[in-house]
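Chain residues, written in single-letter form:
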Amino acid sequence: MSEESIKLFINDKEVSAPKGAMLIEVTDQLDIDIPRFCYHKKLSVVANCRMCMVEVEKAPKPLPACATPVVEGMKVYTKSPVALEAQRDTMEFLLINHPLDCPVCDQGGECELQDIAMGYGEGVSRYMERKRVVLDKELGPLVSTDMTRCIHCTRCVRFGSEIAGMQELGATGRGEFMEIGTYVERSLSSELSGNVIDICPVGALNAKPSRMHARSWEMLQSANVAPHDSVGSNIYMHTLRNKVIRVVPRENEALNQTWISDRDRFSYEGLRADDRATQPMFKGDHGWHGKNWDSCLEQVIEKIKQYPAEQIGVLAAPHSTLEELYLLQKVFRHLNVQNIDHRIRQVDFTDQEAMPLFPYLGQSIESIEKNDAIFLIGCDVRLEQPMLAHRMRQASARGCKLTSLNPQSFDFHFVNQSTWNVAPQQWVLALAGIAGCAEPEALQKLPPALIAMIEKTSISTQAKEVFDLLKNGEQASIMLGAIAESHPQASALRALANFIANNTNSHFGIIAQAGNSVGAWLSGFVPHRLPAGKASTNIGLNAVEMLVNPRKVCVLFNLEPEFDFANAPAAIKAMQEAEFVVIFSPYLTESMLDYANAILPIATFAETEGTYVNAEGHWQSVTNAISVSEEVRPAWRVLRVLANKLGIADTQYQSCSQIRDEIKSLLEGEDEFDSNLKDLNHINLNLDEGSLFRVSSTPIYAADNVVRRANSLQATVYGQQPHVAMCEQQARDLDVLKETRVRVVQGNQEMTLDLLLNDAIPMRCVWIQRSAEEIDQLGVTIAPVEIQRLAHV
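Per chain, the residues get numbers from 1 upward, laid out in the order the sequence is written. Per-residue local features of the predicted model are confined to residues with pLDDT of at least 70, and side-chain atom pairs are confined, for both listing and counting, to 80 or more; whole-chain, interface and lining totals are unaffected and use all residues. The basis for the side-chain values is all heavy atoms of the structure; hydrogens and waters are excluded.

A. Representation of the sheet that holds strand 2 (residues 13-18) within the structure. The criterion for strand pairing is that DSSP finds at least two bridges linking the strands in question. The way it works is that DSSP assigns letters per residue, a run of H or I at least four long becomes a helix, a run of E at least two long becomes a strand, and they are numbered from the N terminus. If you walk across this open sheet you meet the 5 strands as 2-1-5-3-4, and the pairing is mixed. In this open sheet, the two strands that pair with only one neighbour each are strand 2 and strand 4 (63-64). Here a residue-residue contact requires only that any non-hydrogen atoms of the pair lie within 4.5 Å. To get an axis, fit a line to the C-alpha atoms, keeping to the stretch in contact for a helix; angles then go from 0 to 180 degrees between the N-to-C directions. On top of the sheet, helix 2 (residues 81-96) reaches strand 3 (53-56) and strand 5 (75-77); it is set at about 155° to strand 3, its chief contact.

Following this line, the structure appears as structure tokens:
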């Protein structure tokens, strides 16, 4: 849109507007109300509802405000008799076939049709014929339909093609026989599908999990932040009688705009899981006993003090709040415990000393849309970070070219998308080929081991194309995702990616995976740094070292070893071998009762206040939407009492905001963030490249303990059962082409899985699909494996 302004008259008042702007955009800016149904500010203009008709001087008939560009000197009347007659006539036609079921409609009280009908509808209908009836469509476990209410605005159709990148809905038929549907009946599969509920102006599309649970005017609205990824999407939680009924987006143009992912929208179901922990428990000589908080904490402190500090390990979930993580490390560092970590899905820590203040995206989330070249490394961005993928999709629609280095061709639904399919054991060589395109003098800044590798690596056509794409882009980015983070050579991937970015003038970014991974770094919840990134003189064990060499005392905070660690079998084994295990958790599982000694029930994200720091370093503080049950406590309060009992100075916090402000004071002067590694010398190049490797990622709906308990999300197409997939040629070489199930052997562990063929997976690599319900019994997600026929002895 041009910056040039023009003058026009609206309702006889002179106003200024950008040249070329649509009339409805101008009136919205001026708070002049014009009714509409099909228009949405984030979607293309179709002008098919005709509700926004206005009178324009010298025009022979009323014009749609959404499709009429403003011109110099034009005179517009939004409330003239001509405009009002056109709007009322349109309203009458829309209501001809609309059912009179407002009292039982979920949209009642917040329905755009209902609101506009009050202002522009007639009290009595002149239409005496039979109304049409449309059969409802089955769109899956998240969206329910009442298609007789549909007014054919096509917002949902345009959302699919323009925002989600998947045209799942469309129109068939003409006139009153027109219907919105999926052509062939099937579920919506987009990770953003729930947004059609918000943009539907009537009650045709509703949230299935909350259908008929409450009326809109009965619920209370609380602003919150979604903690399931590093975007920190802004949400509203709608509650009734201390129960979250639904979640809707809270507009924030810099982060999630007007959208949220289905994971953020429907995860609230996990808040009401049957296995919520309800009281403090302590395992004594005669089994488990319920305790009051004071006695339970006293016993925990007494027991922990019996062990030397080096035999205590503390592991926390990176979706916990900033205040919780800060207090947790403060309590245990007071006891001289340095074995503290949140990097539970990482296996290579070689470069931890060289890491920046926190894993920084390298740019603002909003600026991703302005990129013209993006290179993703080890990242299924659509399922890892749905709202970042949305920004990239918008960039792609503007001409951005996106390529990725991945173990298979993930469908990101981008316009300009290509994938460099490479087995994970060859990723370092692939990046070395790209780095080899840099100027020879630049290569001398790399460590000798990488220089030697680059000199031996031939530059492939794909490597040259990626380098040129980044080099020639006006605004280019390189980003590493979750699969790269879990790679056994992650340090080398980061070093090479950082080098390539610096030599192509690209942004270098590490996509923080969890809702508060950034906050965990800032709070000092790593073994080698104190709060605010200050170096520790007494470096403890990292997460992998604590599992390989189990500690006698293990403290788990908001974690479930079966699902949250890169190596589930090692995590479970470490818990079973520990002499004393303390678990802070909102949930109580059967396995916890087996290996734990103390269970402290804490609040979920919806029940506590706290702060989250997203991938761009933006701080967001929230309050609780609902209160906890009688014996459950917000974790920061539990930790504050624990600190007081230990006699830690300056821990008499009266509010969560006091803890946040203390952390901020430690970070004074850290206003400019840098994503670059401090040096490129700390790398791990040890890997058996000749083996067949398995690779996996955390399923989108297994990200954390709350999401895993959201039943509706688990019922979607992404709630897949575990299986192993490989290309047809790989199956032929392994002599399993005709098998339906195979044995997968990884070290001393094995699983029997269904076999699927997928030619998007390269040779020397198999994809093992993980599940939110079944434990990955094999081990780390990228490692050598053997595939055997079940008849093999």
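B. Inspection of the pattern of salt bridges at higher detail. Take a side-chain nitrogen of Lys or Arg and a carboxyl oxygen of Asp or Glu: if they are within 4 Å of each other, that pair is a salt bridge. Under the criterion given, the structure shown has 39 salt bridges. Residues arginine 155 and glutamate 112 are paired through a salt bridge, measuring 3.2 Å at the closest nitrogen-oxygen approach. Of this pair, arginine 155 sits in helix 4 (residues 155-164) while glutamate 112 sits in helix 3 (residues 112-120), and the two are 43 residues apart along the sequence. Between arginine 391 and glutamate 369 there is a salt bridge, and its shortest N-O distance comes to 2.9 Å. Separated by 22 residues along the polypeptide, arginine 391 in helix 10 (residues 386-397) and glutamate 369 in the loop between strand 16 (340-341) and strand 17 (373-377) bring together distant segments of the chain. Under the scheme applied here, a residue whose accessible area is under 20% of the maximum for its type counts as buried, over 50% as exposed, and between as partly exposed, the area being computed with a 1.4 Å probe on protein chains only. The buried category is assigned to arginine 391, whose relative accessible area is 1%. Each member of the salt-bridge network shares a partner with another, and the members are Asp275, Arg345, Glu560, Asp564, Arg708 and Arg709.

C. Region of the structure containing the side chain of glutamine 714. Relative to the assigned elements, glutamine 714 resides in helix 24 (residues 711-714). Of the residues examined, glutamine 714 reaches a relative accessible area of 12% and is grouped as buried. Excluding residues that lie within four positions of it along the chain, glutamine 714 makes contacts with Tyr701, Val707, Arg708, Gly719, Ala772 and Glu773.

D. Spotlight on the environment of phenylalanine 414. If you trace the backbone, phenylalanine 414 turns up in the loop between strand 18 (401-406) and strand 19 (417-421). Of the residues examined, phenylalanine 414 reaches a relative accessible area of 9% and is grouped as buried. When the C-alpha positions of phenylalanine 414 and lysine 7 are compared, they lie 39 Å apart, and in sequence the two are 407 residues distant. Sequence-distant contacts of phenylalanine 414, that is, excluding residues within four places in its chain, are made with Val381, Ala389, Met392, Arg393, Ser396 and Leu402.

E. Inspection of the layout of surface pockets at higher detail. In the cavity and pocket records, a cavity denotes points on a 1 Å grid over the protein atoms alone where a 1.4 Å probe fits but cannot get out, a pocket denotes an open set with protein on both sides within 12 Å along at least 5 of 7 lines, and lining residues are residues with an atom within 4 Å of a point. Grid points are joined across faces, edges and corners, and a volume is the space filled by probe spheres set on the points. For the largest pocket, the calculated volume is near 860 Å³. In this structure, the largest pocket is lined by 34 residues; those nearest its centre are Glu112, Asp198, Ile199, Val248 and Pro249. Residue assignment for the lining of the largest pocket shows that the elements contributing at least two residues are helix 5 (195-199), strand 9 (205-207), strand 12 (244-249) and helix 6 (262-266). Counting residues per element, the lining of the largest pocket draws most heavily on strand 12, which supplies 5 residues. In this classification, the charged set is Asp, Glu, Lys and Arg, the nonpolar set is Ala, Val, Leu, Ile, Met, Phe, Trp, Tyr, Cys and Pro, and all remaining amino acids, among them Gly, are polar. Among the residues forming the lining of the largest pocket, the class breakdown is 14 nonpolar, 8 polar and 12 charged. Computed from the structure, the second largest pocket encloses a volume of approximately 600 Å³. Lining the second largest pocket are 28 residues; nearest its centre among them are Leu95, His98, Leu100, Ala117 and Glu122. Every element with two or more residues in the lining of the second largest pocket is listed here: helix 2 and helix 3. Among the residues making up the lining of the second largest pocket, the classes are represented as 15 nonpolar, 7 polar and 6 charged.

F. Quick peek at the pairing of strand 1 (residues 5-10). Judged by which residues are buried, strand 1 turns out to be one-sided: Ile6, Leu8 and Ile10 face inward and are buried, whereas Ser5, Lys7 and Phe9, on the alternate face, are not. Two elements, strand 1 and strand 2, share 6 bridges in a ladder whose sense is antiparallel. Across the sheet, residue isoleucine 10 finds its bridge partner in strand 2, namely lysine 13. Taking the residues that link successive antiparallel strands as the turn, the strand 1-strand 2 hairpin has 2 residues, and the phi of asparagine 11 there is positive, at about 55°. One ladder, built from 2 bridges, connects strand 1 with strand 5; its direction is parallel. Counted as the bridge partner of isoleucine 10 is valine 76 from strand 5.

G. A look at the state of the cysteines. Here, the term disulfide refers to a pair of cysteine sulfur atoms separated by no more than 2.5 Å. The final tally for this structure, using the stated rule, is 0 disulfides. With no disulfide of its own, cysteine 156 has cysteine 153 as its nearest cysteine by sulfur position, at a separation of 6.2 Å. Given a relative accessible area of 12%, cysteine 156 falls into the buried group.

H. Geometry of the sheet that holds strand 10 (residues 220-225). With respect to topology, 3 strands assemble into an open sheet ordered 10-11-12, the strand pairing being antiparallel. In the strand order of this sheet, the two ends are held by strand 10 and strand 12, each with one partner. When strand polarity is set aside, the average angle formed by the axes of neighbouring strands in this sheet is 30°.

I. Highlighting the packing of aromatic side chains. We call Phe, Tyr and Trp rings a pair once their centres come within 6.5 Å, taking the six-membered ring for Trp, and we label the pair stacked below 30 degrees between planes, edge-to-face above 60, and tilted otherwise. Counted under the stated rule, the structure contains 10 aromatic pairs. On the numbers, 6.0 Å between centres and 80° between planes, the contact of tyrosine 701 with tyrosine 718 is edge-to-face. Of this pair, tyrosine 701 sits in the loop between strand 27 (693-695) and helix 24 while tyrosine 718 sits in the loop between helix 24 and strand 28 (723-726); the two residues are 17 residues apart in sequence, bridging distant segments of the chain. Chaining the aromatic ring pairs together yields one cluster made of Phe410, Phe412, Phe414 and Trp767.

J. Here's a closer look at the packing of helix 8 (residues 322-334) against helix 23 (residues 656-666). Two numbers describe how helix 8 lies on helix 23: the axes approach to 9 Å, and their chain directions differ by 75°. Between helix 8 and helix 23, the interaxial angle falls into the category roughly perpendicular. Together, Leu322, Glu323, Tyr326, Leu327 and Lys330 of helix 8 and Cys656, Ile659, Arg660, Glu662, Ile663 and Leu666 of helix 23 make up the contact between the two elements. Tallied by class, the residues present in the contact of helix 8 with helix 23 amount to 7 nonpolar, no polar and 4 charged. Should an angle lie under 35 degrees it is considered roughly parallel, over 145 roughly antiparallel, and from 65 to 115 roughly perpendicular; all remaining angles are considered oblique.

K. View of the packing of helix 2 against helix 3. Between helix 2 and helix 3, the least distance of the axes is 10 Å, while the angle of their chain directions is 130°. Relative to helix 3, helix 2 is oriented oblique. As for how helix 2 packs across helix 3, the hand of that crossing is left-handed. For the pair helix 2 and helix 3, the contacting residues are Leu84, Gln87, Arg88, Met91 and Leu95 in the first and Leu113, Ile116, Ala117 and Tyr120 in the second. Taken together, the residues that form the contact of helix 2 with helix 3 break down as 7 nonpolar, 1 polar and 1 charged. Should the near helix be turned counterclockwise from the far one by less than a right angle, the crossing is left-handed, whereas a clockwise turn marks it as right-handed.

L. Molecular detail of empty space enclosed by the protein. Taken as a whole and judged by the stated rule, the model has 9 cavities of 30 Å³ or more. Each pocket or cavity is described by its volume, and for the largest cavity that value is around 680 Å³. Contributing to the lining of the largest cavity are 47 residues, with Arg345, Ala482, Glu485, Gln513 and Ala514 lying nearest its centre. For the lining of the largest cavity, the elements supplying multiple residues, two or more each, are helix 9 (381-384), helix 15 (482-485), helix 16 (490-502) and helix 17 (517-522). Considering only residue class, the lining of the largest cavity consists of 22 nonpolar, 15 polar and 10 charged. Along the walls of the second largest cavity sit 18 residues, with Cys150, Cys156, Cys200, Ala204 and Leu205 positioned nearest its centre.

M. How the structure looks around the environment of asparagine 371. Following the sequence through the fold, asparagine 371 ends up in the loop between strand 16 and strand 17. Linking asparagine 371 and leucine 737, residues 366 residues apart in sequence, is a C-alpha distance of 43 Å. When neighbours within four sequence positions are excluded, asparagine 371 is seen to be in contact with Gln363, Ala395, Cys400, Gln475, Ala476 and Ser477. We call two N or O atoms a polar contact when they sit within 3.5 Å, provided that within protein one can donate a hydrogen and the other can accept it, with sequence-adjacent residues counted only if both atoms are side-chain atoms. A polar contact of 3.2 Å, which involves the side chain of asparagine 371, links it to the backbone oxygen of serine 367. Among the polar contacts listed, one links the side chain of asparagine 371 to the side chain of serine 477, at a separation of 2.4 Å.

N. Looking closely at helix 20 (residues 568-577). Taking burial as the measure, the 10 residues of helix 20 include 7 buried ones, the bulk of the element. Of the residues making up helix 20, those classed as buried are Ala568, Pro569, Ala570, Ala571, Ile572, Ala574 and Met575. At its buried positions, helix 20 is contacted by helix 18 (543-548), strand 22 (553-557), helix 19 (561-564), strand 23 (580-585), helix 21 (590-595) and strand 30 (749-757).

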